[in-house]
Every structure is written in structure tokens, then in C-alpha cells.
Amino acid sequence: MKTVQDYINALEFERTHIHLIGYGWAPVKLGNELRAGDKLRFNYGSTGVIKSITPSKSGKTAQMVVIENGEEYSRRISMAAKYAVVRQ
């Protein structure tokens, strides 16, 4: 039988992790906590390193340049969303 503490632990885990397709659960950071040099994890386990982040005028979104498999990709991200990171 599950206790209240079991449910609290499960909620805490889901608050600090995200489920990626083909990989499983990964720790997260909010968009406003990401910095250049952070390593992101994507679906199916691929990874990329943040080269730069430029916030928008409103501060709600940012333009991010990620180096993944030797290629540079530009992405627009929400500062309030959760993004999977590789913990070192």
C-alpha cells in the first residue's frame, strides 16, 4: 500500500525530471536557468551543447544556438518550459 510520502516523492521526481522518447527519464532545468556550455539531452538520447542564448525583448522566449553532431542548430525556446540536461 502506498503512503502519502510515496506520492509526495513521485510528484517531486516528476517535477525535476522529464520523460524522453527512446531514452527514459532525464533531469531538467527551466529555460531561464540554461546557460552557454550546458549539455542538453534530446529524444532517443542524442545530446547537444548550448553555444549561445539570446533572450527576447519581452524575456518570455530566447533564441538558442545548439551544437549537435558537429552541426549548429538555432532554436526558439520558452523561458518557462523544462529542458532535459545531462548532469555532470
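Note: the structure precedes this text.
Residues numbered from 1 in each chain as written. Predicted model: local features only at pLDDT ≥ 70, side-chain atom pairs only at ≥ 80, totals over all residues. Heavy atoms only, no water.

## Quick look at the pattern of salt bridges
Here the structure, examined in full by the defined rule, presents four salt bridges. Glu 12 is the partner of Arg 15 in a salt bridge, and the nearest nitrogen-oxygen pair spans 2.8 Å. Linking Arg 15 with Glu 12, this pair stays in helix α1 (residues 4-16), spanning three residues, or about one helical turn. Look at Arg 15 and you get exposed, because its relative accessible area is 52%. (Salt bridge = Lys/Arg side-chain N within 4 Å of Asp/Glu carboxyl O. Helix = DSSP H or I, 4+ residues; strand = E, 2+ residues; numbered from the N terminus. Buried < 20%, exposed > 50% of the residue type's maximum accessible area, 1.4 Å probe, protein only.)

## With respect to the sheet that holds strand β6 (residues 71-78)
With antiparallel pairing, the four strands of this open sheet are ordered in space as β3-β4-β5-β6. Strands with a single pairing partner mark the edges of an open sheet, and in this sheet they are β3 (39-41) and β6. The average undirected angle you get between the axes of adjacent strands in this sheet is 40 degrees. Pairing geometry for β3 and strand β4 (residues 47-55), over three bridges, is antiparallel. Each residue of the ladder has a partner; that of Arg 41, found in β4, is Thr 47. (Pairing = 2+ DSSP bridges. Axes fitted to C-alpha atoms, helices over the stretch in contact; angles between N-to-C directions.)

## Structural notes on the nonpolar core
Across soluble globular proteins, you tend to see nonpolar side chains buried next to one another. By size, the foremost hydrophobic cluster in this structure holds 11 residues: Leu 34, Leu 40, Phe 42, Ile 50, Ala 62, Met 64, Val 66, Ile 77, Met 79, Tyr 83 and Val 85. Ignoring sequence-local partners within four residues, the contact set of Met 64 consists of Leu 34, Leu 40, Ile 50, Ser 52, Ile 53, Tyr 73, Ser 74, Arg 75 and Ile 77. (Core = buried A, V, L, I, M, F, W, Y, C linked by side-chain atoms within 4.5 Å. Contact = heavy atoms within 4.5 Å.)

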